[in-house]
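Coordinate analysis (summary)
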Amino acid sequence: MGSLSTYFAATPEDGDLLDQVLDKLETATTLTQDVIDDIRHILVTPGAVAEMSPRDKRFSRDKRRQYIVESCCYIWKDAGRPLTYTTYSDGRPGGQRQGPLVNFIQAVVKMITEPGQILSGETIRVDIDDFRGKLEREEKERWAPPELANQYT
C-alpha cells in the first residue's frame, strides 16, 4: 500500500483521504465498517486511482509501451525505412539490439517519460517483431482473394 500516491488528487482534501485510509489500514487488525466506508469513498472520488498492477509482472504487457513502439514503427515504415534492428553479441554499451529504429524508439521513449526511461533492447526487439507480425496479418486480410459469388444462380 505504501506505493500509492496522492499526486493526482484533485484537491488537498482528496489527497488527505488516501493518507487517512492508509493510516487506518496500518493499525487495523480487521477491516471495520469505517475503513470499508473510507475505501468506498475514495473509489467514488473523481481522480482517485487504485494500484492494480500485478505483483508478478513478468507475464504482463504494458500497452502504453506497445502503442509507443507501434506508433514509432508506423512512422518509420511510412518514411520508407526498413523495420530492422542489429544484433551484437560482443557486449556493446546499449545492449545487444541496436540500430537506427531502436535508437529512434529509445529517443521517443526518453522524451515522453518522466523521468526519461530507456527500454531494454530485447524488449524493443520483441515489440518490433510483434509489430511485423501485425503488419503481415493486416496485409493478408487486406489482400485476400475476393469471395466468389455463386456462379450458377
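Scroll up to find the structure this text is about.
Residues numbered from 1 in each chain as written. Predicted model: local features only at pLDDT ≥ 70, side-chain atom pairs only at ≥ 80, totals over all residues. Heavy atoms only, no water.

Topic: the overall build of the chain
A count of helices and strands for the chain gives five helices and two strands. When the helices and strands of the chain are read in sequence order from the N terminus, they spell out α-α-α-β-β-α-α. Taking all 153 residues of the chain together, 22% fall into the buried category. By sequence separation, contacts in the chain at least 24 residues apart represent 51% of the contacts at least 6 residues apart. Surface accessibility of the chain: about 11900 Å² in total, with carbon and sulfur atoms responsible for 55%. (Helix = DSSP H or I, 4+ residues; strand = E, 2+ residues; numbered from the N terminus. Buried < 20%, exposed > 50% of the residue type's maximum accessible area, 1.4 Å probe, protein only. Contact = heavy atoms within 4.5 Å. Areas by Shrake-Rupley, 256 points an atom, 1.4 Å probe, with all protein chains shown as cover.)

As for the packing of helix 1 (residues 12–27) against helix 2 (residues 33–43)
Following both chains from N to C, one finds helix 1 and helix 2 inclined at 150 degrees, their axes separated by 10 Å at the closest point. With respect to their mutual orientation, helix 1 and helix 2 come out roughly antiparallel. Handedness of the helix 1/helix 2 crossing: left-handed. Counting all contacts with helix 1, which are made through Leu17, Leu18, Val21, Lys24 and Leu25, the residues of helix 2 involved are Asp34, Val35, Asp38, Ile39, His41 and Ile42. Across the contact of helix 1 with helix 2, the residue classes tally to seven nonpolar, one polar and three charged. (Axes fitted to C-alpha atoms, helices over the stretch in contact; angles between N-to-C directions. Parallel < 35°, antiparallel > 145°, perpendicular 65-115°, else oblique. Left-handed = near helix turned anticlockwise from the far one by under 90°. Nonpolar A, V, L, I, M, F, W, Y, C, P; charged D, E, K, R; others polar.)

Some remarks on the side chain of Gln106
You can see Gln106 is positioned in helix 4 (residues 100–112). Residue classification places Gln106 among the buried residues on the basis of a relative accessible area of 12%. Within the structure, Gln106 has its side chain in polar contact with the backbone oxygen of Leu119 (distance 2.7 Å). Sequence-distant contacts of Gln106, that is, excluding residues within four places in its chain, are made with Ile118, Leu119 and Ile124. (Polar contact = N/O pair within 3.5 Å; in protein donor to acceptor, adjacent residues only side chain to side chain.)

A short note on a negative patch on the surface
Among the surface-exposed residues, Glu13, Asp16, Asp19, Asp23 and Glu26 lie close enough to one another that they form a single negatively charged patch. Mapping Asp16 onto the fold places it in helix 1. Assessed through its relative accessible area of 39%, Asp16 is described here as partly exposed. (Patch = residues over 30% accessible without salt bridge, like charges linked within 9 Å, V, L, I, M, F, W, Y side chains within 5 Å. Salt bridge = Lys/Arg side-chain N within 4 Å of Asp/Glu carboxyl O. Lys, Arg positive; Asp, Glu negative; His and termini not counted. Charge placed at Lys NZ, Arg CZ, Asp CG, Glu CD.)

Purely geometric stuff here, so don't read any function into it on its own.
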